[in-house]
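# Examination of the molecular architecture
Here's the letter readout for the chains.
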Amino acid sequence: MSSSVDEVVDLCRDLLRIDTTNTGDNATSAGERAAAEYVAEKLAEVGVSSEIHESAPGRASLVARIPGTDPGRGALLVHGHLDVVPAEAAEWSVPPFAGEIKDGFLWGRGAIDMKDFDAMVLAVVREWQRTGVRPPRDIVLAFTADEEAGGDFGAHFLVDKHRHLLDGCTEGIGEVGGFSYTVSKDLRLYLIETAEKGINWLRLHARGRPGHGSMVHDDNAVTALAEAVARVGRHRFPVVVTPTVRAFLEEVSEALGIELDPDDPEAAIGKLGTIANIIGATVRNTANPTRLDAGYKDNVIPSRASATIDCRTLPGQADLFLEQLREVIGPDVEIEHVQRQPALETTFDGALVDAMAAALRAEDPAARPVPYMLSGGTDAKAFNRLGIRCFGFAPLQLPPDLNFSALFHGIDERVPVEGLQFGVRVLDRFLRNS
C-alpha cells in the first residue's frame with residue numbers, strides 16, 4: 001500500500017488546484033468538466049475505462065466499473081462529488097485553490113468536502129490495477145457534479161438518464177462518515193453515517209402595496225417579510241430523537257461516562273466538544289434564513305420581498321415540519337419549494353458495516369465505530385432512489401483538537417496529511433473485504 005499512501009497527497013493536491021466552484025448557476029459554475037477529465041485520465045493510466053456525461057455544458061459526472069471476482073454479488077457504489085462551494089480568497093490565510101501543504105495539513109476548498117475522498121478512491125484503485133488486486137464484488141465509481149446545489153445536474157441526472165451505469169448496485173458509500181472523535185488515547189469513536197436529514201430549501205414571498213419611501217406606509221412587503229424571517233430565525237422546533245440519534249447518544253454516553261437523559265439529549269450533546277454543533281442539529285428540525293431580496297431603488301417601497309430559508313428535516317418529519325413552519329411564518333407569506341429531498345435512515349448492521357468496523361480497528365486498535373445522523377445532505381439522496389442502501393464512510397483519523405465540522409464550507413478548509421494517508425489504508429482494507 002506504500003505507493004497509494006504516498007500518491008494520495010499528490011492526487012488530492014491536483015484536484016484542489018482545479019477550481020470546481022458550484023455557484024448554483026450553470027452560467028457561473030466552473031471546473032467540473034476539467035476535474036472529471038482529470039479523474040478519467042488517472043483511471044485510464046492504469047487501464048480503467050470510464051464514461052463522462054454532461055447534464056449541461058461543463059456539468060460533468062464520471063462513472064467507471066471495477067469488476068469483482070464474484071459477479072453474482074450486488075455491486076458496491078463508491079461515490080464522491082467533484083464540485084465545491086465558493087471560497088472568498090481574501091478571508092483565507094492560504095489561497096483556497098493552491099493546494100498548499102502547511103503545518104501537517106493539505107489546505108484548500110474541497111479538502112474535506114470532498115476531494116480528500118475522491119483522491120483516496122483514485123489512489124486505491126490505481127494501486128490495485130498496478131498490482132493485480134480484484135475486489136470481491138463489482139465496484140462502481142461515481143464522481144459527480146453539482147452535489148453542493150442539490151445534485152440535479154449530477155447524481156440525480158445519472159439516476160434519471162444513465163441509471164444503467166449503476167445496474168446491480170445494492171449498497172453504497174460516500175461522505176460524511178468514518179471520521180474520528182477522540183475520547184482518550186485508548187478510545188476513538190468513528191462516526192459512520194447511517195442517516196441524513198432531508199433538504200427543503202424554501203423561498204418566502206411577501207407582497208404589499210408599492211409606494212414612495214417618504215410616505216407613511218402600513219402595507220410594506222419588506223416589513224412583512226422581515227418580521228416573518230426574524231420569527232423563523234429565532235424559532236426552535238421541538239426535540240425529536242430518532243433511532244439513529246438515540247443509538248449514537250447511548251454509545252457516546254457510555255464511552256464518555258456521562259448520564260443520558262432521554263428528555264434532555266442536548267445536555268449530553270453539549271459535552272461533545274468539536275462535534276456538538278453537527279450532532280446538535282440532528283435532534284430537531286431546523287430552518288435558517290440564508291438570503292434576502294427586495295426592492296430596486298432606495299426611495300421606492302417594493303410590491304414584493306423574498307427570502308430563502310434552508311430547512312433540514314428529520315426522517316418522518318417533513319409534513320409535520322411544514323405545518324409547524326407555516327404557524328411560525330404566518331398566513332400571509334407565500335412559501336415556494338426550491339429544492340425538496342427526503343431524509344434517509346438505515347440500520348447499523350450487516351456485513352458492510354462489519355467490514356467498515358474491521359478495517360478501522362485494523363488500522364487503529366482504539367477505534368470504536370458508532371452510527372450517527374448527518375445534519376446535511378449528500379448524493380445518497382439520489383442513489384437511494386434506486387434502492388441502494390447508503391452509508392457515509394470516507395475514513396479520516398483527525399487530531400483531537402481539530403474542529404472538523406467547522407471546516408465544511410468554512411474558511412481555511414484543510415485535511416491532515418496523516419489522516420488522509422490513514423484513510424487510504426482503511427479504504428483499501430474495507431474495499432478488499434466488502
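Higher on the page you've got the structure.
Let me sum up the structure you'll find in this document.

About the criteria used
- Residues numbered from 1 in each chain as written.
- Predicted model: local features only at pLDDT ≥ 70, side-chain atom pairs only at ≥ 80, totals over all residues.
- Heavy atoms only, no water.
- Axes fitted to C-alpha atoms, helices over the stretch in contact; angles between N-to-C directions.
- Helix = DSSP H or I, 4+ residues; strand = E, 2+ residues; numbered from the N terminus.
- Parallel < 35°, antiparallel > 145°, perpendicular 65-115°, else oblique.
- Left-handed = near helix turned anticlockwise from the far one by under 90°.
- Contact = heavy atoms within 4.5 Å.
- Nonpolar A, V, L, I, M, F, W, Y, C, P; charged D, E, K, R; others polar.
- Buried < 20%, exposed > 50% of the residue type's maximum accessible area, 1.4 Å probe, protein only.
- Pairing = 2+ DSSP bridges.
- 1 Å grid on protein atoms, 1.4 Å probe; cavity = no way out; pocket = protein on both sides within 12 Å on 5 of 7 lines; lining within 4 Å.
- Points joined across faces, edges and corners; volume = space filled by probe spheres on them.
- Expected span 1.5 Å × (residues − 1).

A pair of packed helices can be characterised by two numbers: the angle between their axes and the separation between those axes. Close contact between helix α2 (residues 32-44) and helix α3 (residues 115-131) brings their axes to 10 Å; oriented N to C, the two are set at 20 degrees. Comparing the axis directions of α2 and α3 gives the class roughly parallel. Two packed elements cross with a definite hand, and for α2 against α3 that hand is right-handed. Residue-level contacts link Y38, V39, K42 and L43 of α2 to L122, V125 and R126 of α3. Of the residues assigned to the contact of α2 with α3, the class counts are five nonpolar, no polar and two charged.

Our focus in this paragraph is the pairing of strand β3 (residues 75-81). Most of β3 sits out of view: seven of its seven residues are buried. Side chains A75, L77, H79 and H81 project from β3 onto one buried face, and the interleaved L76, V78 and G80 project onto a second face that is buried too. Bridge count for β3 against strand β7 (residues 169-174) is four bridges, and the pairing is parallel. Its bridge partner being in β7, V78 is matched across the sheet by I173. The pairing of β3 with strand β6 (residues 139-144) spans six bridges and is parallel. When the sheet's bridge partners are listed, V78 is paired in β6 with L141.

In this section: the sheet that holds strand β14 (residues 304-313). With antiparallel pairing, the four strands of this open sheet are ordered in space as β12-β14-β10-β15. The open sheet has two free edges, formed respectively by β12 (286-294) and β15 (334-341), since each of these has just one partner strand. Between one strand and the next, the sheet's axes are offset by a mean angle of 20 degrees, whatever the strand orientation. Contacting β10 (198-207), β12, β14 and β15, helix α9 (residues 318-329) runs over the sheet at an angle of about 150 degrees to β15.

This part covers empty space enclosed by the protein. With the rule as written, the count across this model stands at one cavity of 30 Å³ or more. When its volume is computed, the largest cavity comes out at roughly 80 Å³.

What follows deals with the layout of surface pockets. For the second largest pocket, the calculated volume is near 160 Å³. Considering the residues around the second largest pocket, the lining is formed by A206, R207, D219, N220, A224, E227, R231, I329, G330, P331, D332 and V333. Taken together, the elements giving at least two residues each to the lining of the second largest pocket come down to β10 and α5 (221-234). With three residues, the single largest contributor to the lining of the second largest pocket is α5. Considered class by class, the residues forming the lining of the second largest pocket number five nonpolar, two polar and five charged.

Over its 13 residues, α2 extends 18 Å from the first C-alpha to the last, a length consistent with the 18 Å expected when each residue adds 1.5 Å. Along α2, the residues classified as buried are E32, A35, A36, Y38, V39, A40, K42 and L43.

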